[in-house]
Amino acid sequence: MNATYDTVAHNVGNHGAIDEKLLGLHNTFAGRRVNHLGYPYNLEFDAEPISQFAKFLINNLGDPYVGSHYATEVCGLEREVVDWVMRVWDCADPEEYWGSVGASGTEGNLWAMYLARETLGNPVLIHSTEAHYSLPKAAKILRIEALTCETDHTGAICPDALREVVQANRHRCVILALTCGTTMKGAHDDIAFCISVLDQVGVDPSRRFVHVDGALNAMVLPFVDGLPRGIRPSFRHGIDSMSTSGHKMIGTPMPCGVLVVRREHVRRVASTVSYLRSDDTTLMGSRNGHAVLAIWNRLTRLGIAGFRHFARTCIERADGFAGALRSANVPVLLNPCSLTVVFPKPSERLVNEYQLACHGNSAHAIVMPNVNADLIDRFVGDYTAELS
Ligand SMILES: *Cc1c(COP(=O)(O)O)cnc(C)c1O
């Protein structure tokens, strides 16, 4: 603490030193960006059009559909973002749904779990062993009992395992949290099939809440042709909520996320806060308007065609990447329509250089739009050189 304090004290008023420090950091980031392979971040965005807003405090205070007295806000653009995402996720009548732009995919998951608990009373949460850690964390914060369900080797929920857990809890209310693109293996739970398990066991819609965590692939799969129906991230399956991250496939310069929920679930928790002139329907009171601008700028510029292009090229490149490793006899897992290439963990040097995410003896690379053929070739070359 003292070292930091001394540095700060030393820099007070020393603008030259501060500028130098910031420039150094800027150059470090520029260098790290070109080798980045491990996290599902679309780094190919242009922040220029939104940089003019850096001088404003943009706060979407309160409910996106109500707004507040604070006038430097972009709730209108937030509703456009949410409408866009609702169309992509097959919300038949947008009036029946509510959505917001939040701090991250994690906030979306946490808020969905809260709405589910308020809807169901004393439910049990079922999620897979490959679900993101934010789900058990949300359960812990909310004191919801959580049970895990096994996956198969691809990382998707194993239907028999799910049936067993649901059967054992058939008299309870159930929150089922499914994943569209698991963090480590990029697997897609079969949404239609998992819901049919609830139906078969007799956990009817009044006693269940189904959330889909689509942090990465809920912004990939809707743009893929010929997708198996069951894994499509779609409200047509009869799900209650779905979330995605803004800084993953959409591509924003700050972490953020989008959550869409059936409006009835939000009505239940809405209470009016007159000081805000708004409804208290969000976890955060003050909410990041810059993130809304960043997402809106991406969605409106790229359009559906832009995301279709991303999905197609990234899936193709991921296939090529996996093929190149397999040709060198490397055991690879790449799920269908997924961007996540899983392989045995290389040396610490390569893990650090390419910023790979690791789990046990495995590591993964995620082929995002900025991961071009050059970067893949360079990595495959470095990786296979270590094998010989
Ligand atoms: C990244 C991720 C999250 C968390 O999203 P953040 O925006 O980083 O909070 C949740 N679920 C899955 C499957 C993820 O991959």
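Residues numbered from 1 in each chain as written. Predicted model: local features only at pLDDT ≥ 70, side-chain atom pairs only at ≥ 80, totals over all residues. Heavy atoms only, no water.

Going by what an unreviewed UniProt entry lists, the chain is known as Histidine decarboxylase and is assigned to Mesorhizobium shangrilense. Recorded in UniProt under Sequence similarities (unreviewed entry), the annotation for the chain is "Belongs to the group II decarboxylase family." We quote the UniProt Cofactor (unreviewed entry) comment for the chain here in full: "pyridoxal 5'-phosphate". (UniProt positions renumbered as here; feature names shortened; annotations may be inferred.)

We now examine the site of the ligand. Around the ligand sit 13 residues in total, of which Gly 105, Thr 106, Asp 213, Ser 245 and Lys 248 are the nearest. Measuring from an oxygen atom of the ligand, one finds a side-chain N or O atom of Thr 106 at 2.6 Å. Taken by itself the ligand offers 380 Å² of open surface, and the protein chains cover 88% of this. Those elements that place two or more of their residues in the shell around the ligand are helix H5 (105-120) and helix H9 (246-250). For the shell around the ligand, the class distribution of residues is one nonpolar, ten polar and two charged. (Near = heavy atom within 4 Å. Polar contact = N/O pair within 3.5 Å; in protein donor to acceptor, adjacent residues only side chain to side chain. Areas by Shrake-Rupley, 256 points an atom, 1.4 Å probe, with all protein chains shown as cover. Helix = DSSP H or I, 4+ residues; strand = E, 2+ residues; numbered from the N terminus. Nonpolar A, V, L, I, M, F, W, Y, C, P; charged D, E, K, R; others polar.)

Moving on, we get to the pattern of salt bridges. Under the counting rule described, the total for this entry stands at twelve salt bridges. For Glu 118, the salt bridge identified is with Arg 117, shortest N-O distance 2.9 Å. Among the salt bridges present, the one from Lys 345 reaches Glu 348, with a minimum N-O distance of 3.8 Å. Its relative accessible area of 35% is what places Lys 345 among the partly exposed residues. (Salt bridge = Lys/Arg side-chain N within 4 Å of Asp/Glu carboxyl O. Buried < 20%, exposed > 50% of the residue type's maximum accessible area, 1.4 Å probe, protein only.)

This part takes up the packing of helix H7 (residues 159-168) against helix H8 (residues 191-201). The description of two helices packed together rests on the angle between their axes and the distance between the axes. Contact geometry for H7 and H8: axes closest at 10 Å, N-to-C directions at 35°. Taken as a pair, H7 and H8 cross one another with a handedness that is right-handed. Within the contact between the two elements, H7 uses Pro 159, Leu 162, Arg 163, Val 166 and Gln 167 and H8 uses Phe 193, Cys 194, Val 197, Leu 198, Gln 200 and Val 201. Class assignment for the residues of the contact of H7 with H8 results in eight nonpolar, two polar and one charged. (Axes fitted to C-alpha atoms, helices over the stretch in contact; angles between N-to-C directions. Left-handed = near helix turned anticlockwise from the far one by under 90°. Contact = heavy atoms within 4.5 Å.)

What follows deals with unusual backbone geometry. A positive phi angle, close to 60°, is found at Asp 90, a residue other than glycine. Along the chain, the position of Asp 90 falls in the loop between helix H4 (75-88) and strand S1 (97-102). Even without being a glycine, Asn 329 presents a positive backbone phi close to 65°. A relative accessible area of 71% places Asn 329 in the exposed class.

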